[in-house]
Amino acid sequence: MITVVGTGTGTPLPEDVLAGAELVVGGRRHLDAARLADDVERVVLGALAPALDTIAEYVEKDRRVVVLASGDPGFFGIVRVLAERFGSERLQVRPGVSSVASAFARIGLPWDDAVVVSAHGRELRTAVNVCRARPKVAVLTGPGSGPAELGAALARKADARVLVVACALGSEDERVERVTPAEAAARDWGPSVNVVLCLDPARALGGVRTVAGVGVGPAAWALDEGEFAHRDSMITKFEVRALALARLGPRLGELVWDVGAGSGSVAVECARLGAAVTAVEKTRDGVERIRANAAAHGVDVRVVHGAAPTVLSDLDDPDAVFIGGGGRELPAIVTACARRARRAVVIAMAALDRVPAAREALIGAGFECDGVLLHSSRLAPLPGDVTRLASTNPVFLLWGVRKPLDREGVAQ
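Since this is a predicted model, take the numbers as computed values, not measurements. (Residues numbered from 1 in each chain as written. Predicted model: local features only at pLDDT ≥ 70, side-chain atom pairs only at ≥ 80, totals over all residues. Heavy atoms only, no water.)

Enquirer: What's the story with the overall build of the protein chain in this structure? I'm lost.
Expert: Broken down by element type, the protein chain carries 12 helices and 19 strands. Taking the principal axes of the C-alpha coordinates as reference, the protein chain spans close to 90 × 50 × 50 Å. Here the protein chain, with 412 residues, has 47% of them falling under the buried criterion. Pairs at least 24 apart in sequence give 65% of the contacts found in the protein chain among residues at least 6 apart. A total accessible area of about 20300 Å² is found for the protein chain, and carbon and sulfur atoms account for 51% of it. Each charge sign in the protein chain was given a centre, from 48 positive and 50 negative side chains, and these centres are 4 Å apart. (Helix = DSSP H or I, 4+ residues; strand = E, 2+ residues; numbered from the N terminus. Buried < 20%, exposed > 50% of the residue type's maximum accessible area, 1.4 Å probe, protein only. Contact = heavy atoms within 4.5 Å. Areas by Shrake-Rupley, 256 points an atom, 1.4 Å probe, with all protein chains shown as cover. Lys, Arg positive; Asp, Glu negative; His and termini not counted. Charge placed at Lys NZ, Arg CZ, Asp CG, Glu CD.)

Here it is, written out as structure tokens:
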């Protein structure tokens, strides 16, 4: 039997947990705090593989093993690894209070509506995009993905956010500090950070929830044009938007660009579906319109005022891009976006003669390309309780999906 015990963050180690243990595995500070008999073997957790091999030797001989972990070991913790290697039936888990629960308790906030993302041993960009898209996020940090790195990534992209850095929770050296992303980026936080909370103070309290964590998502998408402020019908029609969203696949943890955003209808819809979004718009009135539409729908959209492709060089690489404008610069814009997009590029064009150049740019950047001409007719009332079909302007939707790489890193 392997007993897994959560300790630290204010949770004392139960007195009986070490009784009869022949092998105790844990971080150095957990082992130092435990009262162990001289004949008990100790393994300091560093690389997991050697520790798991040692545990296996004891389990095969039916000898008792205790693993000490921080907080709740079943929450982004070692329980998953142990269950995969030895089977959950061999585990006896005694959880402590997680660092996330402790951090929110310290600042007096509920956290049933918080999104928890781990940057420990993982790519930081996912955590950054979640922080940009959601008002209440807990980030589990690690070497190279701590408060300084998170703050630096958010400093210019999430002005409304405040970071709460929780260090050495439950110990005499405990510190819980509120800082701006820029302030976090300028400091050396050391190795004692437990978790970083990223909050929009105006929305941090949240409302009553039925489902914890990420919300259930919007009940509808491809919203009617009347749901957005726009100028002279210059807006991506809902039929086009529906297919564009399907090809973009916006989701939590990813970044989407909306280039030539206009009213920002695509940007807002991507944000409603969970993605972090940057909208690029060259007109000042368009910028204000996008911000107003984002606020009306309760989502975060970063709006960049400038002309593509020049302004794109200062943006983080996107997962997917929607291009809804561009004029004569469209081929250059498509080329710039295709070079940077990790997954997909979708282009809406009213002028058919722009399709070949856009398609060539996508194929040249290694994308598999397809498209469709969308021409719909909507029901429209006539006098006398009669209905007719009203034709919308045709739009060509072109999309490219990046080819998967083989084991040698070559596009298939």
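Enquirer: Explanation requested: the packing of helix α2 (residues 48-60) against helix α3 (residues 79-86) in the structure shown.
Expert: Any two packed helices are characterised by the angle at which their axes cross and by the distance between the axes. In contact at an axis separation of 11 Å, α2 and α3 are set at 50° when each is read in the N-to-C sense. On the basis of their axis angle, the class for α2 and α3 is oblique. As for the relative orientation of α2 and α3, their crossing is right-handed in sense. Contact residues: α2 offers L48, L52, D53, I55, A56 and V59, while α3 offers V81, L82, R85 and F86. For the contact of α2 with α3, a count of residues per class yields 8 nonpolar, no polar and 2 charged. (Axes fitted to C-alpha atoms, helices over the stretch in contact; angles between N-to-C directions. Parallel < 35°, antiparallel > 145°, perpendicular 65-115°, else oblique. Left-handed = near helix turned anticlockwise from the far one by under 90°. Nonpolar A, V, L, I, M, F, W, Y, C, P; charged D, E, K, R; others polar.)

Enquirer: It is not clear to me how the sheet that holds strand β10 (residues 193-199) should be interpreted in this structure. Could you clarify?
Expert: Strand-to-strand pairing in sheets goes through backbone hydrogen bonds, with the strands running parallel or antiparallel. In spatial order, the strands read β6-β7-β10-β8-β9; together these 5 strands make up an open sheet with mixed pairing. Edge positions in the sheet fall to β6 (115-118) and β9 (175-179), since each has one partner strand and no second. Across the sheet, the mean angle from the axis of one strand to that of its neighbour is 20°, orientation sign disregarded. Sheet topology places strand β7 (residues 136-140) next to β10; 4 bridges connect them, and they run antiparallel. Residue pairing for β10: K136 is matched across the bridge by L199. Each of β6, β7, β8 (162-167), β9 and β10 is contacted by helix α4 (residues 99-106), which is oriented at about 55° to β10, the strand it contacts most. Helix-sheet contacts for helix α5 (residues 124-133) involve β6, β7 and β10, and the interaxial angle to β7 is about 165°. (Pairing = 2+ DSSP bridges.)

Enquirer: I tried to follow the pairing of strand β14 (residues 320-323) on my own but got confused; where do I start?
Expert: Regular strands have side chains that alternate between both faces of the sheet. On β14, burial covers both faces: A320 and F322 on one face and V321 and I323 on the other are all buried. Sheet topology note: the β14/strand β15 (residues 344-349) ladder contains 4 bridges and is parallel. Following the sheet pairing, I323 is matched in β15 by I347. The parallel pair β14 and β15, bridged by helix α11 (residues 330-340), forms a crossover whose chirality is right-handed. (Right-handed = clockwise from strand over helix to strand, strands pointing away.)

Enquirer: Explanation requested: the pattern of salt bridges in the structure shown.
Expert: Side chains that differ in sign of charge can pair as their charged atoms come close. Per the counting criterion, the structure on display carries 25 salt bridges. Linking K136 and D113 is a salt bridge whose minimum nitrogen-to-oxygen distance equals 2.8 Å. Of this pair, K136 sits in strand β7 while D113 sits in the loop between α4 and β6, and the two are 23 residues apart along the sequence. Note that R251 and E254 form a salt bridge whose closest N and O atoms lie 3.1 Å from each other. Residues joined in a network through salt bridges with shared partners are E123, R125, D319 and R342. (Salt bridge = Lys/Arg side-chain N within 4 Å of Asp/Glu carboxyl O.)

Enquirer: For this particular structure, what's the right way to read α11?
Expert: Along an α-helix, residues three or four positions apart point the same way, because every turn accommodates 3.6 residues. Listing the buried residues of α11 in full gives L330, I333, V334, A336, C337 and A338. Packing partners of the buried residues in α11 comprise β11 (255-259), β14, β15, α12 (355-364), β16 (367-374) and β19 (395-402).

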